[in-house]
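So you can see what is in the structure, the chains are spelled out below.
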Amino acid sequence: MQNIFSNFLIYRRLILCYYISRKIWSLGGIFLNTVWYAPGEDYPLSREIREEVFVREQEYPIELEFDEADENCWHLVLTDNEKAVATARLLKLSEGVFKPGRIAVLKEYRGKNIGAELLTLIIEKAKEMGAKELHIGAQTYAVGFYEKFGFKTTGEEYMDEHIPHIDMIAYL
């Protein structure tokens, strides 16, 4: 399995897919690599995590989890050695306005500040692309997490399927 994954990464680099890798030190004591998938690219590692977290754990319908916006997003995956452990996507809504979303960390990696590292990298990418503001549809249990990054709630709580959400915005 390790060799297959290594060959996959080499192949990804050869086709100039905007694969970017760097070592990050998580406060949880784990070395992580970043994998970026550019808009229009397939994002298999991200898909695996989203299916595990949103579809299996949270019972969100798979037909709603993956949408047409995925084709226009940057997808970020954090890997621990060769295992994909966290993912997020970044969508440009308009000039200077971006939407981070589908932020997920595998259960066994939660509580290690990997989510914070993931969101930090997404915000850095948005800034590189000229973001002035970020909009997010946060699950209500995660509002405190996003507030630490400067997000403020806007509007009223709403249901996205069976999961309560609230819109949030951050100005950069």
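Predicted model, so just to flag it, every value in this text is computed and none were measured. (Residues numbered from 1 in each chain as written. Predicted model: local features only at pLDDT ≥ 70, side-chain atom pairs only at ≥ 80, totals over all residues. Heavy atoms only, no water.)

**Focus on the pairing of strand E8 (residues 163-171)**
Here is step 1 of the chain: Relative to E8, strand E6 (residues 133-139) is paired through seven bridges, and the arrangement is antiparallel. Its bridge partner being in E8, Glu133 is matched across the sheet by Tyr171.
Here is step 2 of the chain: As paired strands, strand E7 (residues 152-160) and E8 are joined by six bridges and run antiparallel to one another. Of the residues in E8, the one forming a bridge with Met159 is Pro164.
Here is step 3 of the chain: Where E7 folds back onto E8 in an antiparallel hairpin, the turn is made up of two residues, including Glu161, whose phi is positive at roughly 60 degrees. (Pairing = 2+ DSSP bridges. Helix = DSSP H or I, 4+ residues; strand = E, 2+ residues; numbered from the N terminus.)

**Structural notes on the side chain of Asp70**
Here is step 1 of the chain: The topology assignment puts Asp70 in the loop between helix H3 (62-65) and strand E3 (73-80).
Here is step 2 of the chain: According to the relative accessible area criterion, Asp70 is buried, its value standing at 1%.
Here is step 3 of the chain: A polar side-chain atom of Asp70 sits 2.9 Å from a polar atom in the side chain of Arg50.
Here is step 4 of the chain: Non-local contacts of Asp70, meaning those with residues more than four positions away in its chain, are made with Tyr43, Arg50, Glu65, His75 and Arg89. (Buried < 20%, exposed > 50% of the residue type's maximum accessible area, 1.4 Å probe, protein only. Polar contact = N/O pair within 3.5 Å; in protein donor to acceptor, adjacent residues only side chain to side chain. Contact = heavy atoms within 4.5 Å.)

**Some details on helix H4 (residues 114-128)**
Here is step 1 of the chain: Taking 1.5 Å per residue, 15 residues should reach 21 Å; H4 reaches 21 Å between its end C-alpha atoms and fits that length.
Here is step 2 of the chain: Residues of H4 that are buried include every one of Ile114, Gly115, Glu117, Leu118, Leu119, Leu121, Ile122, Ile123, Lys125 and Ala126, and no others.
Here is step 3 of the chain: In the stretch just after H4, Gly130 is the one whose phi turns positive, near 95 degrees. (Expected span 1.5 Å × (residues − 1).)

**Regarding unusual backbone geometry**
Here is step 1 of the chain: Positioned with a positive phi, Asn81 is a non-glycine residue whose angle comes to about 55 degrees.
Here is step 2 of the chain: Inspection of the secondary structure puts Asn81 in the loop between E3 and strand E4 (83-94).
Here is step 3 of the chain: Looking at Asn81, the relative accessible area reads 63%, which means it is exposed.
Here is step 4 of the chain: Here Arg102, not a glycine, exhibits a phi torsion of approximately 50 degrees, which is positive.
Here is step 5 of the chain: Note on placement: Arg102 falls in strand E5 (residues 97-105).
Here is step 6 of the chain: Relative accessible area serves as the criterion here: at 21%, Arg102 is assigned to the partly exposed category.

**Section: the packing of aromatic side chains**
Here is step 1 of the chain: Taken as a whole and judged by the stated rule, the model has four aromatic pairs.
Here is step 2 of the chain: Pairing Trp36 with Trp74 gives two aromatic rings, centres 6.2 Å apart and planes at 80 degrees, and the pair type is edge-to-face. Here Trp36, found in strand E2 (residues 31-37), pairs with Trp74, found in strand E3; they are 38 residues apart in sequence, far enough to count as distant.
Here is step 3 of the chain: A residue is classified by how much of its surface remains accessible, and Trp36, at 6% relative accessible area, is buried.
Here is step 4 of the chain: Between Tyr146 and Phe151 the ring centres are 5.9 Å apart and the planes differ by 75 degrees, which places this aromatic pair in the edge-to-face class. The residues Tyr146 and Phe151 share a single accessibility class, namely buried.
Here is step 5 of the chain: By the ring-pair criterion, three or more aromatic residues cluster together here, those being Phe145, Tyr146, Phe149 and Phe151.
Here is step 6 of the chain: Sitting over the ring of Tyr43, Arg47 keeps its end group 4.5 Å from the ring centre.
Here is step 7 of the chain: Positioned over the ring face of Phe66 is Arg47, at 5.9 Å from the centre of the ring. (Phe/Tyr/Trp six-rings, centres within 6.5 Å; stacked < 30°, edge-to-face > 60°. Lys NZ or Arg CZ within 6 Å of the ring centre and 35° of its normal.)

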